[in-house]
Amino acid sequence: AEAKVSIAVMEVGLGGRIDATNALPSRAIAASGVTSLGLDHTRLLGDTLGKIAREKAGIFRPGVPSYTVAQPQEASKVLFEHAAEVGSP
């Protein structure tokens, strides 16, 4: 069904890169965010914080601002590098 909404908050499932929210067009996204990362779902997302961060960074889009909370250095480095690669401010 379709609804005329002004603002919607969409939460990713396990990981941004493989998440269904990637079906949303970039023009419909005001910002992306990554909350604190931990060693969860390692079988699917990877066995290090860097690998998990890379999966989560899959929600970053060109021209769409991305935000995160303070992360361990390994995760933070990956998130910032991926944001730069895709052109996410």
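Check the entry above for the structure.
These numbers come from a predicted model, not from an experiment.

What counts, and at which threshold
Residues numbered from 1 in each chain as written. Predicted model: local features only at pLDDT ≥ 70, side-chain atom pairs only at ≥ 80, totals over all residues. Heavy atoms only, no water. Core = buried A, V, L, I, M, F, W, Y, C linked by side-chain atoms within 4.5 Å. Buried < 20%, exposed > 50% of the residue type's maximum accessible area, 1.4 Å probe, protein only. Helix = DSSP H or I, 4+ residues; strand = E, 2+ residues; numbered from the N terminus. Contact = heavy atoms within 4.5 Å. Expected span 1.5 Å × (residues − 1). Arc of directions from axis to C-beta. 1 Å grid on protein atoms, 1.4 Å probe; cavity = no way out; pocket = protein on both sides within 12 Å on 5 of 7 lines; lining within 4 Å. Points joined across faces, edges and corners; volume = space filled by probe spheres on them. Nonpolar A, V, L, I, M, F, W, Y, C, P; charged D, E, K, R; others polar.

Student: Hey, could you run me through the nonpolar core in this one?
Tutor: One recurring pattern in soluble globular proteins: nonpolar side chains tend to sit buried together. By size, the foremost hydrophobic cluster in this structure holds 13 residues, and its most contacted members are V34, L37, A53, F60, A75 and L79. Broken down by secondary-structure element, the contributors of at least two residues to this core are α2 (49-56) and α3 (73-86). Tallying contributions element by element places α3 first for this core, with four residues. Once residues within four sequence positions are removed from consideration, A75 is found in contact with L37, L49 and A53.

Student: Please explain α3 as it appears in this structure.
Tutor: Counting along an α-helix, one turn takes 3.6 residues, and residues three or four places apart therefore face a common direction. Helix length check: α3, at 14 residues, gives a terminal C-alpha distance of 20 Å against a target of 20 Å (1.5 Å per residue), a fit within 8%. Inspection of α3 places A75, S76, V78, L79, H82 and A83 among the buried residues, and these make up the whole buried set. All buried residues of α3 lie within an arc of 165° about the axis, which places them on one face of the element. Opposite the buried face of α3, at more than 90 degrees from it, the exposed residues are Q73, F80, A84 and E85. Elements that come into contact with the buried residues of α3 comprise β1 (32-34), α2 and β2 (66-68). Backbone geometry just downstream of α3 places G87 in the positive-phi region, at approximately 80°.

Student: What should I look at first to understand the layout of surface pockets in this one?
Tutor: Here the idea is plain: a probe the size of a water molecule rolls over the atoms and shows the empty space left. The volume enclosed by the largest pocket comes to roughly 840 Å³. What lines the largest pocket is a set of 31 residues, among which V9, M10, E11, V12 and A31 lie closest to the centre. Mapped onto the lining of the largest pocket, the elements with two or more residues apiece are β1 and α2. For the lining of the largest pocket, a count of residues per class yields 17 nonpolar, 10 polar and four charged.

By themselves, these figures tell us nothing about what the structure is for.
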